[in-house]
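Structure assessment
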Amino acid sequence: MTMTDDLGPFIRDLPKAELHVHIEGTLEPELLCEMAGRNGTLLRFRTVEELLQRITFAAFNRSWISTTKGLGRYGPSGTSLS
């Protein structure tokens, strides 16, 4: 058995981490609506249910714009994103 044969199971069993995500894809609709309201931002939808109906691949750009506007300059805990 070679050294690389021994490393396979070791590498497979190592904990994995997500190294790259976009906040627009990880933000829950309820939190988006809450943050937009806190930041005084009007979104293109009025309820979480309406937002969920609009989530399609074709509507991704519109959702992305609404999300970034809803975030304003503060994150979920009220801390500055800059």
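Residues numbered from 1 in each chain as written. Predicted model: local features only at pLDDT ≥ 70, side-chain atom pairs only at ≥ 80, totals over all residues. Heavy atoms only, no water.

1. Things to note about the overall build of the protein
Per the secondary structure count, the protein includes 5 helices and 0 strands. For the protein, the N- to C-terminal ordering of α and β elements is α-α-α-α-α. A buried classification covers 20% of the 82 residues belonging to the protein. In the protein, 50% of the contacts between residues at least 6 apart in sequence involve partners at least 24 apart. Of the roughly 6600 Å² that the protein leaves accessible, carbon and sulfur atoms contribute 60%. (Helix = DSSP H or I, 4+ residues; strand = E, 2+ residues; numbered from the N terminus. Buried < 20%, exposed > 50% of the residue type's maximum accessible area, 1.4 Å probe, protein only. Contact = heavy atoms within 4.5 Å. Areas by Shrake-Rupley, 256 points an atom, 1.4 Å probe, with all protein chains shown as cover.)

2. So, the environment of glycine 25
Examined against the element boundaries, glycine 25 turns out to sit in helix 2 (residues 23-26). Residues glycine 25 and threonine 67 lie 42 residues apart in sequence; the distance between their C-alpha atoms is 9.4 Å.

3. Observations regarding helix 3 (residues 29-38)
Buried residues of helix 3: Pro29, Leu32, Met35 and Ala36, and no others. When helix 3 is viewed along its axis, its buried side chains cluster within an angular range of 125° and face the same direction. Exposed and oriented more than 90 degrees from the buried face of helix 3 are Glu34 and Gly37. In this fold, the buried residues of helix 3 make contact with helix 4 (48-54) and helix 5 (60-71). Downstream of helix 3 by one or two residues, glycine 40 has phi in the positive range, about 70°. (Arc of directions from axis to C-beta.)

4. Some details on the nonpolar core
Judged by nonpolar contacts, Leu27, Leu32, Met35, Ala36, Leu43, Phe45, Leu51 and Leu71 together constitute the single largest core of 8 residues. Ranked by the residues each element gives to this core, the list is headed by helix 3, at 3 residues. Sequence-distant contacts of alanine 36, that is, excluding residues within four places in its chain, are made with Thr41, Leu43 and Gly70. (Core = buried A, V, L, I, M, F, W, Y, C linked by side-chain atoms within 4.5 Å.)

5. A word on the pattern of salt bridges
Summed over the entire model, instances satisfying the criterion amount to 1 salt bridge. In this structure, aspartate 13 and arginine 12 form a salt bridge, with 3.7 Å as the shortest nitrogen-oxygen distance. Here aspartate 13 matches arginine 12 in class, with each residue exposed. (Salt bridge = Lys/Arg side-chain N within 4 Å of Asp/Glu carboxyl O.)

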